[in-house]
Amino acid sequence: MIKSLCVYCGANFNGDPLLLQAIEDLAFTMVKQHITLVYGGGSVGVMGVLADEVLKHGGKVIGVIPQFLMDKEVGHKGITEMVITSNMHERKQRMADLSDGFVVLPGGFGTLEEFFEVLTWLQLGLHGKPIGVLNVGGYYDHLFLQMEVMVQHRFLKQNNKDLVFNEAIPKVLIEKMSSFSATPDEVWFKDRNLT
């Protein structure tokens, strides 16, 4: 049962109405299912919009932010709980520890870095939590095509690629994540043949 979701998303918001609708739908779905939002603690960008939407519906929001970003006054002042860390590495670990799963919204380098880190941890068996990409308007289509290329070139096994859910509708994504059972390839490091 998913009681909390870590959502990785951009510190910028491009004004896309399709993305705004997806954020609103995700927030509504999470609150309806009593799922706590764990996120990067910001008041700006997609992060701020998502936190505000969850709060608007009466949901719980936990922000995790390093001190240097709080000092720049980008931390959200109205969320349920704010955890302040000493650095970015501690922030990411704390967010993962507080969460039962991970959702990726559109974002930039930071969002991708967080996504691939928790995905690598799942592949290595360091956690068994579901990971879902909310692929709004096909934003991540090329990323999933790149994963296909990685499989074709035998740098990634298909069953490890299949660890990630790729959905455009928040409710569908969370439903699939709720029934997730981790089956990473435990012998990836012994088997040099990736076919």
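It should be emphasised that the depicted structure is a prediction, and the values quoted were computed from it without experimental measurement.

S.K.: Describe the pairing of strand E1 (residues 4-8), and please don't skip the residues or the numbers.
M.R.: Counting buried positions along E1 yields five of five residues, so the element is predominantly enclosed. By the alternation rule, side chains of E1 split into Ser4, Cys6 and Tyr8 and Leu5 and Val7, which are all buried. Relative to strand E2 (residues 36-39), E1 is paired through three bridges, and the arrangement is parallel. Looking at E2, one finds that Leu5 is bridged to Leu37.

S.K.: Give a description of the environment of Asn87 that names residues and reports values.
M.R.: Inspection of the secondary structure assignment puts Asn87 in the loop between strand E4 (81-85) and helix H4 (88-97). A relative accessible area of 34% places Asn87 in the partly exposed class. Once the C-alpha coordinates of Asn87 and Gln67 are considered, the two residues, 20 residues apart in sequence, prove to be 7.1 Å apart. Polar side-chain contacts of Asn87 include one of 3.5 Å to the side chain of Ser86. Engagement of the side chain of Asn87 in a polar contact is seen with the backbone nitrogen of His89, the distance being 3.1 Å.

S.K.: A description of the layout of surface pockets should follow, citing residues and the corresponding values.
M.R.: Within this model, the largest pocket holds a volume of roughly 320 Å³. Around the largest pocket, the lining is made up of 22 residues, and of these Cys9, Ala11, Met47, Arg91 and Glu114 lie nearest the centre. Going through the elements one at a time, E1, H4 and helix H5 (109-123) are the ones with two or more residues in the lining of the largest pocket. Residues of the lining of the largest pocket, tallied by class, amount to twelve nonpolar, six polar and four charged. Taken as a whole, the second largest pocket encloses approximately 190 Å³ of empty space. Around the second largest pocket sit 13 residues that line it, and Asn14, Leu19, Pro106, Gly107 and Tyr139 are the ones nearest its centre. Per-class residue counts for the lining of the second largest pocket are six nonpolar, six polar and one charged.

Calculation notes
- Within any chain, residue numbers begin from 1 and follow the written order of that chain's sequence.
- Per-residue local features are limited, in this predicted model, to residues with pLDDT of at least 70; the limit for side-chain atom pairs, both in listing and counting, is 80 or more; totals at the level of whole chains, interfaces and linings are taken over all residues.
- To obtain the side-chain values, all non-hydrogen atoms of the structure were included, while hydrogens and water were left out.
- Working definition: with a 1.4 Å probe on protein chains only, accessible area under 20% of the residue-type maximum means buried, over 50% means exposed, and in between means partly exposed.
- Labels follow the DSSP assignment, with helices taken as runs of H or I lasting at least four residues and strands as runs of E lasting at least two, numbered in each case from the N terminus.
- Being paired, for any two strands, means DSSP has found at least two bridges between them.
- Between N or O atoms, a polar contact is any pair within 3.5 Å; within protein, one atom must be a potential hydrogen donor and the other a potential acceptor, and residues adjacent in sequence are included only when both atoms are from side chains.
- Cavity and pocket criteria rest on a 1 Å grid covering protein atoms alone: a 1.4 Å probe that fits but cannot get out defines a cavity, protein on both sides within 12 Å along at least 5 of 7 lines defines an open pocket, and an atom within 4 Å of a point defines a lining residue.
- Grid points are joined across faces, edges and corners, and a volume is the space filled by probe spheres set on the points.
- Classification used: nonpolar for Ala, Val, Leu, Ile, Met, Phe, Trp, Tyr, Cys and Pro, charged for Asp, Glu, Lys and Arg, polar for all others including Gly.

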